[in-house]
Structures are given as C-alpha cells and as structure tokens.
Amino acid sequence: MQTSQLALTEKRFDDAEASAKQAIAIAEKIQPQDGRLPEAVGRLGSIYAWRMDLKNAEETYKRQLTLCQKLYGPKSPMIVPPLESLGMVAAAQKDFARSEALFSEAIGLNESAYGQDSTAVADTLSGLASVYLKEQNFAKSESTLLRVIHIYEIAHNSDDLPMGIPLGTLCYVYDQWGKPDKSAPCHARLVALEEKQFGPDSPYLVRDLTAEAEALRKLGRADEADQIQKRLQSLQSAQTNPN
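Criteria and thresholds
Residues numbered from 1 in each chain as written. Predicted model: local features only at pLDDT ≥ 70, side-chain atom pairs only at ≥ 80, totals over all residues. Heavy atoms only, no water. Helix = DSSP H or I, 4+ residues; strand = E, 2+ residues; numbered from the N terminus. Buried < 20%, exposed > 50% of the residue type's maximum accessible area, 1.4 Å probe, protein only. Axes fitted to C-alpha atoms, helices over the stretch in contact; angles between N-to-C directions. Parallel < 35°, antiparallel > 145°, perpendicular 65-115°, else oblique. Left-handed = near helix turned anticlockwise from the far one by under 90°. Contact = heavy atoms within 4.5 Å. Nonpolar A, V, L, I, M, F, W, Y, C, P; charged D, E, K, R; others polar. Core = buried A, V, L, I, M, F, W, Y, C linked by side-chain atoms within 4.5 Å. Salt bridge = Lys/Arg side-chain N within 4 Å of Asp/Glu carboxyl O. 1 Å grid on protein atoms, 1.4 Å probe; cavity = no way out; pocket = protein on both sides within 12 Å on 5 of 7 lines; lining within 4 Å. Points joined across faces, edges and corners; volume = space filled by probe spheres on them. Expected span 1.5 Å × (residues − 1).

1. Description of the overall build of the protein chain
At step 1: When helices and strands are counted, the protein chain shows twelve helices and zero strands.
At step 2: Traced from its N-terminal end to its C-terminal end, the protein chain shows the element sequence α-α-α-α-α-α-α-α-α-α-α-α.
At step 3: Its C-alpha atoms give the protein chain principal-axis dimensions of roughly 70 × 40 × 30 Å.
At step 4: Split into buried and exposed, the 243 residues of the protein chain put 43% on the buried side.

Spelled out as structure tokens, the structure:
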C-alpha cells in the first residue's frame, strides 16, 4: 500500500496499479477479512480515477462499497468513503443527479453517526459543494458551503487556518458566479484570516487582495480598490527587494 501510494504521488500509474493489485491479492487471503481489503480496493479505484479511467474506477469503487457494507453494515459511516468516491466519478461523467444522491446518502450516514454539526458532515458537504460547482449550480454550492463554514465556526475559531479552505472555495464560487457584492467581503474575510496566520506582509495575501480589488471595481468602489492596489504594489515591491 505504501509503495502504491508513493508511485501514485509520483504519477507512476502502472507501478501504483501493480502494487495496489498485489495488496488486494494479499488482503483477500487474510481470514477473517478485515478493513485492509476494502482499503486496498479503494486505492486501486483512486489510481483509475487519477488516470481518468472512469469505467474501471466506478467498478472498483462499487466493489469497495460492497465490501464495506458487508464488513460494517449498510448504515455504517465506514461506507462513506466509497460513496463519496462514486459521487465524484458520477460528477466526472456529468451524471450530477446520481452524484448528488450518493453524497446525500453519505451526509445522512455521517449525520446519524456523528451529528449534524460534525466535521465529518462538513467534509462530505464540501464534496457535494464541489459537485454543484462543476454543474455551475452556484446557488446550491453557496448554500452548501455556508453550512460547511457554520460547522467550521463551531469546531474552530472563525479566523483559524482550517476556515480558509471552505471560505476560499466560497469566494471562488462568488467569482465564477459574477457576484462582486458577495465576492468582495468574502475575499476581505479571507485576507484577514491570512494576515493573522502569515502576517500582514505575506505573499499569501496577494491573490485575495487582487480578487477583492477587482470585485470592488466592478461595484464602482474605485477609491477602495485603489487603496488595495497600493498595498499590493508595496507587497510586490517588498518581495522583489527583500533587503
């Protein structure tokens, strides 16, 4: 499994596939069967997915799901990973209705096991939000991400680094949606979070300051955008001339 993962990381897909199949063959001989077999099968599915071999990825993830259901039961949160994987494959095939159904099933299992405001639910919701984004259903992507952010605000401080992941995705949704009235404050919040984590002069701020300035200009707030642009120029100058 470790060899397969290393090969996958290095994009040596043939080697990764061979090692995953070897792991499956070993796991199949272990009696009684345990979680190592569905884990190995899932690894093989991820290799097919990386190669965009969606047919084999789907078949392999279906086998992983069946194995997990047999080992843990049909209502166990342990079957969530193959459900999510099948959901992403369905989205890649543009079967958005099936993808949404798979993610909704996974969310329901996590809610039953861990509660509606659990980080497990948030993680699966994030996957569903990405499906809506692929579908360009920006309204549903927004509402789903707002729920993720709400859960993160319960689990973390509102300006802790983990918050940056769903918040950054939400800002991207607003950018793609053409909603500068929502994009500007979203990027401003992300800038504040980045300032706390990395400092006010960090290059990490450049992308979101740029996006905030662009959104402000679209809203006709040129003076505010100009102030941000001056700050950007100062940051970029400091990076070019660190001494």
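2. Comments concerning the packing of helix α7 (residues 119-134) against helix α8 (residues 138-155)
At step 1: Viewed as axis vectors pointing N to C, α7 and α8 meet at an angle of 160°, and their least axial separation amounts to 8 Å. Classified by the interaxial angle, the pair formed by α7 and α8 is roughly antiparallel. The way α7 lies across α8 gives a crossing that is left-handed. The segment α7 lies against α8, with Thr119, Val121, Ala122, Asp123, Leu125, Ser126, Ala129, Tyr132 and Leu133 engaging Phe138, Lys140, Ser141, Thr144, Leu145, Arg147, Val148, Ile151, Tyr152 and Ala155.
At step 2: Among the residues making up the contact of α7 with α8, the classes are represented as twelve nonpolar, four polar and three charged.

3. A look at the nonpolar core
Generally speaking, a soluble globular protein has its nonpolar side chains buried in company with each other.
At step 1: Counting 28 residues, the largest nonpolar core has Ile24, Leu37, Ile79 and Leu83 as its most contacted members.
At step 2: Discounting chain neighbours no more than four positions away, the residues touching isoleucine 79 are Leu65, Cys68, Gln69, Gly73, Pro74 and Leu109.
At step 3: Phe103, Ala129, Tyr152 and Leu167 belong to the second largest nonpolar core, which has 27 residues in total.

4. Considering the pattern of salt bridges
At step 1: Going through the model one piece at a time under the given rule, you end up with 17 salt bridges.
At step 2: Here aspartate 14 ties to arginine 51 by a salt bridge, and the two come within 2.7 Å at their closest N and O atoms. Of the two residues, aspartate 14 is situated in helix α2 (residues 13-29) and arginine 51 in the loop between α3 (36-50) and α4 (54-72); the sequence distance between them amounts to 37 residues.
At step 3: Residue classification places arginine 51 among the partly exposed residues on the basis of a relative accessible area of 34%.
At step 4: Residue aspartate 226 pairs with arginine 217 through a salt bridge whose shortest N-O separation is 2.9 Å.
At step 5: By relative accessible area, which is 33% here, aspartate 226 ends up partly exposed.
At step 6: For arginine 217, a relative accessible area of 40% translates into the label partly exposed.
At step 7: Each of Asp14, Glu17, Lys21 and Arg51 takes part in salt bridges that share partners, so that together they form one network.

5. Remarks on the layout of surface pockets
At step 1: Considered as a void within the structure, the largest pocket measures approximately 190 Å³ in volume.
At step 2: Lining the largest pocket, in full, are Leu161, Gly164, Ile165, Gly168, Leu190, Leu193, Glu194, Phe198, Tyr204 and Arg207.
At step 3: The element contributing the most residues to the lining of the largest pocket is helix α10 (residues 180-198), with four residues.

6. With respect to α8
At step 1: Taking 1.5 Å of rise per residue, the 18 residues of α8 would be expected to cover 26 Å, and the 25 Å separating its terminal C-alpha atoms lies within 8% of that figure.
At step 2: If you check which residues of α8 are buried, you get Phe138, Ser141, Glu142, Thr144, Leu145, Val148, Ile149, Ile151 and Tyr152.
At step 3: Contacts from the buried residues of α8 go to α7, α9 (164-177) and α10.

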